[in-house]
Amino acid sequence: MTAFNLLSEPIRKYIRDKKWESLRPIQEASIQRIMSTDNNYILISRTASGKTEAAFLPILSKVNFKEPGVKVLYISPLIALINDQFVRVESLCEYLDVPVTKWHGEASKGAKDRLLKTPEGIVLITPESLEAMFVNKPYNVRHLFSTLEYVVIDEIHSFLGSDRGTHLQSLLSRLQKINAKKFSVIGLSATVSDANQYSELKEFLGESDYTKVIRDTTPKPINAVFKYFPGTVEELPLPLLKDLYIRTRESKVLIFPNARGRVEEVAVKLKQISEKVGGHKNYFSHHSSVDKEVREYVEFFAKNSTLQNFCISCTSTLELGIDIGNVDEVVQIDATHSIASLIQRVGRSGRREGKASNLFLYATDAWSLLQSLACWLLYQEQYIEPVYINKKPYDVMVHQLLSIVKSYSGISLPKLVEEIMGNPAFLEITLKETEEIIFHLTTIDFFEKLGNELIIGIEGEKVVNNKDFYSLFNTPVFFKVSNNGIKIGELPLSSQIRENENIYLSAKIWSIKDIDYQTKKIEVIPAKDGKKPKFFGDAADIAHMIREKMFEILSFKEQYEFLDDVAQQMIILLRSEFSSFTISDFKKERPLLDHNEKLTFYSFTSSRINRTIELILDSLNIKNTLDPQKSAFEIEGHTAEQVKTVFTNSCIEQNIDEILTGLLEGNPAIIDFSKWGKYLPICYQVKLLKEKYFDFEGCRIYLQDLKIIDNK
DNA sequence: GACCTGCTGCGGCTTG
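Attention here is on the structure that accompanies the text. All values derive from a computational prediction rather than experimental measurement. (Residues numbered from 1 in each chain as written. Chains lettered and ligands numbered in written order. Predicted model: local features only at pLDDT ≥ 70, side-chain atom pairs only at ≥ 80, totals over all residues. Heavy atoms only, no water.)

### Some words on the overall build of chain A
Part 1 of the argument: Secondary structure assignment for chain A yields 26 helices and 26 strands.
Part 2 of the argument: For the C-alpha atoms alone, the extent of chain A along its principal axes is close to 80 × 70 × 60 Å.
Part 3 of the argument: Looking at chain A residue by residue over its 712 residues, the buried ones come to 56%.
Part 4 of the argument: Across chain A, the fraction of contacts at a sequence separation of at least 24, relative to all contacts at a separation of at least 6, is 73%.
Part 5 of the argument: When the accessible surface of chain A is summed, it comes to about 31,600 Å², and 52% of that surface belongs to carbon and sulfur atoms.
Part 6 of the argument: Where the 88 positive side-chain charges of chain A centre and where its 95 negative ones centre are 5 Å apart. (Helix = DSSP H or I, 4+ residues; strand = E, 2+ residues; numbered from the N terminus. Buried < 20%, exposed > 50% of the residue type's maximum accessible area, 1.4 Å probe, protein only. Contact = heavy atoms within 4.5 Å. Areas by Shrake-Rupley, 256 points an atom, 1.4 Å probe, with all protein chains shown as cover. Lys, Arg positive; Asp, Glu negative; His and termini not counted. Charge placed at Lys NZ, Arg CZ, Asp CG, Glu CD.)

What follows is the structure, given as structure tokens:
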């Protein structure tokens, strides 16, 4: 039987009314499988290939919505995505008379109240809203979600390997616990190309044996062009901006310049050029610090402008699945930090069937060019960096312990231990470890013993009753920027924020008129010229494979026809800098440059391994500076022979706990990469540092194979 | 120099 015929009549009518000529391959496959089994499925297929329908067409055909209770729970990482999907799912559900309810922080309370009165149909939710319900109204979780048949997780790759993912995994397990019947889980993703990740994904959903992967590998042709314009960190080179303008003025374009300040610079400067030559005015910026309503307007404009061209300069806010309509070209300025990110960005263009995607890569620095090239080549080899999954997420456990104790308002120790240990998210954390963490939380007054039960303690109350409790990630403090009551966006307090300073924000130029430090507000008026704003942030970690590929490119002579002449020359120049080394194995060998009484060790490895090497050198009192972009260590006061000996003999396991404890005592803020880590006993903070900040196992293997090649 | 993500409950107001 064909997939179409397996669907229920109302759904078939929907497809006929939509005048679809055929089902997409991923839909054909998923309908066959979902209709006939109760397995979990992970649907992998590129952006705009109809994944949402691939999940919902069969689910809506199969599930009996006549019985009371919510039957399908859709979980998304973004509110914007929920709002987007709501429209699509609702238009489908009209054929079945099944209600769809949005449940997130910005969703209508009236709709939520209606659902509480009559729990039914489909609910779209964020993990944080689900968490909030578990903490504050656990009876509502039971009331609404104890008759689930399907849970759909959108953009599942965005959860994988992050604390937010572990959190979601824990919530899924808690959800299953209140359901008498087992529900099935369908995960949707565009960015999984490595089969190694299948097992991680399956484990993420629990019950690996019942989880199957359905994948559509139809490739999308992409035309890539690399260009090189030497520039500085402060400002983009004018020739680059001019070239970029000419190349994009007659298209619908997304530009990814990596940093928010630079996003503003690109938007403002292209707009200025366009004004001068009488081009279109539709230049926008889109990132987390642009006001939400402004961002929504930009998304709306892009989605509805079929005739007008536009240019949106943006960060990863436009990387995930929000439908912004047709984009002709994607521009990446300097290297992406991951291949996964490159894939998502490329996927934003050429959504029209059969149309090729265009990708322009501009580099302003030789090493960034090399990194871009490495990412592009790996992308073509269908490689994606592995996701790192923390098997002992002590910090997430702290959060979930608080959540469980609060939801019970009184729970015995054995019951709490049983609850948390039975959760697959914490499978590898031992009983002893769990008990020690609970004990510690009692000593810092997060928990209090009341008779035989644990309740939330005085300090715990402060944390649990704060609206910041529900998420697993930290958010910095920002000042709200507005002009005459109109919100523009927000900025962090920096040396730049002073009265009469001019800054870019939301693709416009503003002059700061007043700063209110009490209410954290900045009043601005329009201005003629200014500077890009300063934001603070951490650089994302780069995977070992990207660095290795960079070294591979340098050690071979291969020419790439997609590089422009200047870019080609830059690669040749970089290669010549390494020509004094005889490299025969780019996987194991690494160059050590001896020059002017200084040594430069090019490690070409991951950020985490570099951090670990840095720690080892520091602990041996070897003065060193790491250049993160070049993945290179400058080492002073040592000979090449001494450095070689250090690397070959270094016994990194020795004293490491002592060193890390010292590090934490000297600088407790180092644990701030984990929002909940600071509430752990010191020895667990050390474990967390080892697992997530450094990479001792990776470093051990790296050093074990390492062969240092010098230029002497 | 360096990304992103979400948010309860309640009192008090306006609006239909």
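There is more to say after this.
### Topic: the protein's contact with DNA strand B
Part 1 of the argument: Lining the immediate environment of DNA strand B, one finds 35 residues, of which T126, S129, R295, K467 and T475 sit closest.
Part 2 of the argument: Within the side chain of T315, a nitrogen or oxygen atom sits 2.8 Å from a phosphate oxygen of DNA strand B.
Part 3 of the argument: With four residues, the top contributor of residues to the surface near DNA strand B is helix α7 (residues 127-136).
Part 4 of the argument: A breakdown of the residues in the surface near DNA strand B according to their chemical character gives 12 nonpolar, 15 polar and eight charged. (Near = heavy atom within 4 Å. Polar contact = N/O pair within 3.5 Å; in protein donor to acceptor, adjacent residues only side chain to side chain. Nonpolar A, V, L, I, M, F, W, Y, C, P; charged D, E, K, R; others polar.)

### Quick look at the sheet that holds strand β16 (residues 453-456)
Think of a sheet as strands paired side by side through backbone hydrogen bonds, with each pair either parallel or antiparallel.
Part 1 of the argument: Across the sheet, three strands lie side by side as β14-β16-β15; this open sheet has antiparallel pairing. The open sheet has two edge strands, β14 (411-412) and β15 (447-450), and neither has a second partner.
Part 2 of the argument: Taken together, the two bridges between β14 and β16 define a ladder with antiparallel strand orientation. Looking across to β16, one finds that S412 is bridged to E453.
Part 3 of the argument: Running at roughly 105° to β16, helix α16 (residues 394-408) makes contact with β14, β15 and β16 of the sheet. (Pairing = 2+ DSSP bridges. Axes fitted to C-alpha atoms, helices over the stretch in contact; angles between N-to-C directions.)

### A closer look at the pattern of salt bridges
Part 1 of the argument: According to the stated counting rule, one finds 39 salt bridges in the structure shown.
Part 2 of the argument: A salt bridge links K227 to D243, with the shortest nitrogen-to-oxygen separation between them at 3.1 Å. Here the residue K227 occupies a position in strand β8 (residues 222-228), and D243 occupies one in helix α11 (residues 238-248), the gap between them amounting to 16 residues.
Part 3 of the argument: On the basis of relative accessibility, which here comes to 18%, the residue D243 falls in the buried class.
Part 4 of the argument: One salt bridge in this structure joins K392 and E433, with 3.2 Å as the shortest N-O distance. Of this pair, K392 sits in the loop between α15 (366-380) and α16 while E433 is found in helix α18 (residues 431-443), placing the two residues 41 residues apart along the sequence.
Part 5 of the argument: On the basis of relative accessible area, K392 is assigned to the partly exposed category, the value being 25%.
Part 6 of the argument: E433 sits in the buried class, given a relative accessible area of 8%.
Part 7 of the argument: What you see here is one network of salt bridges that share partners, running through E235, R262, E265, K269, D334 and K532. (Salt bridge = Lys/Arg side-chain N within 4 Å of Asp/Glu carboxyl O.)

### Thoughts on the sheet that holds strand β9 (residues 252-256)
Part 1 of the argument: Pairing is parallel across the open sheet formed by six strands, whose spatial order is β8-β13-β12-β9-β11-β10. The open sheet has two edge strands with one neighbour each: β8 and β10 (283-286). Taken over all neighbouring pairs, the strand axes of this sheet differ in orientation by 20° on average, direction set aside.
Part 2 of the argument: Sheet topology note: the strand β12 (residues 329-333)/strand β13 (residues 357-363) ladder contains five bridges and is parallel. Residue pairing across strands places Q332 opposite L361, the latter belonging to β13.

### Quick look at the packing of aromatic side chains
Part 1 of the argument: Tallied over the full model, the rule gives 30 aromatic pairs.
Part 2 of the argument: Plain terms: the ring middles of F469 and Y470 are 6.0 Å apart, the flat faces sit at 85° to each other, and that makes the pair edge-to-face.
Part 3 of the argument: A relative accessible area of 1% means that F469 is categorised as buried.
Part 4 of the argument: Judged by relative accessible area, Y470 falls into the buried class, the value being 17%.
Part 5 of the argument: A centroid spacing of 5.8 Å and a plane angle of 75° characterise the contact between F556 and F586, whose relative ring orientation is edge-to-face. Of this pair, F556 sits in the loop between α20 (544-555) and α21 (565-577) while F586 sits in the loop between α21 and β22 (589-595), and the two are 30 residues apart along the sequence.
Part 6 of the argument: Every member of this aromatic cluster is reached through a ring pair, and the members are W367, F551, F578, F581, Y602 and F604.
Part 7 of the argument: We note R174 situated over the ring of F134; from NZ or CZ to the ring centre the distance is 4.5 Å. (Phe/Tyr/Trp six-rings, centres within 6.5 Å; stacked < 30°, edge-to-face > 60°. Lys NZ or Arg CZ within 6 Å of the ring centre and 35° of its normal.)

### Examining the pairing of strand β18 (residues 486-491)
Part 1 of the argument: Bridging between strand β17 (residues 479-483) and β18 involves five bridges; their strand directions are antiparallel. Note that in β18 the partner of V481 across the bridge is G489.

### Some thoughts on unusual backbone geometry
Part 1 of the argument: One non-glycine residue, D445, lies in the positive phi region at around 60°.
Part 2 of the argument: You can see D445 is positioned in the loop between α18 and β15.
Part 3 of the argument: With a phi close to 40°, F604 is a non-glycine residue in the positive phi region.
Part 4 of the argument: Counting through the fold element by element, F604 comes out in the loop between β23 (598-602) and α22 (607-619).
Part 5 of the argument: For F604, a relative accessible area of 0% corresponds to the buried category.

### Quick word on the nonpolar core
One recurring pattern in soluble globular proteins: nonpolar side chains tend to sit buried together.
Part 1 of the argument: Membership of the largest hydrophobic core comes to 57 residues, with the highest contact counts inside it found for F226, I312 and L373.
Part 2 of the argument: Here the element with the most residues in this core is α15; it accounts for 10 residues.
Part 3 of the argument: For this core, the two domains that each supply at least three residues are domain 2 (222-380) and domain 5 (580-710).
Part 4 of the argument: Excluding anything up to four places from it in sequence, F226 contacts L361, L369, S372, L373, W376, F562, L563, D564 and A567.
Part 5 of the argument: Ranked by size, the runner-up nonpolar core spans 43 residues in total, among them L402, I411, I438 and L454. (Core = buried A, V, L, I, M, F, W, Y, C linked by side-chain atoms within 4.5 Å. Domains from an automatic or database assignment.)

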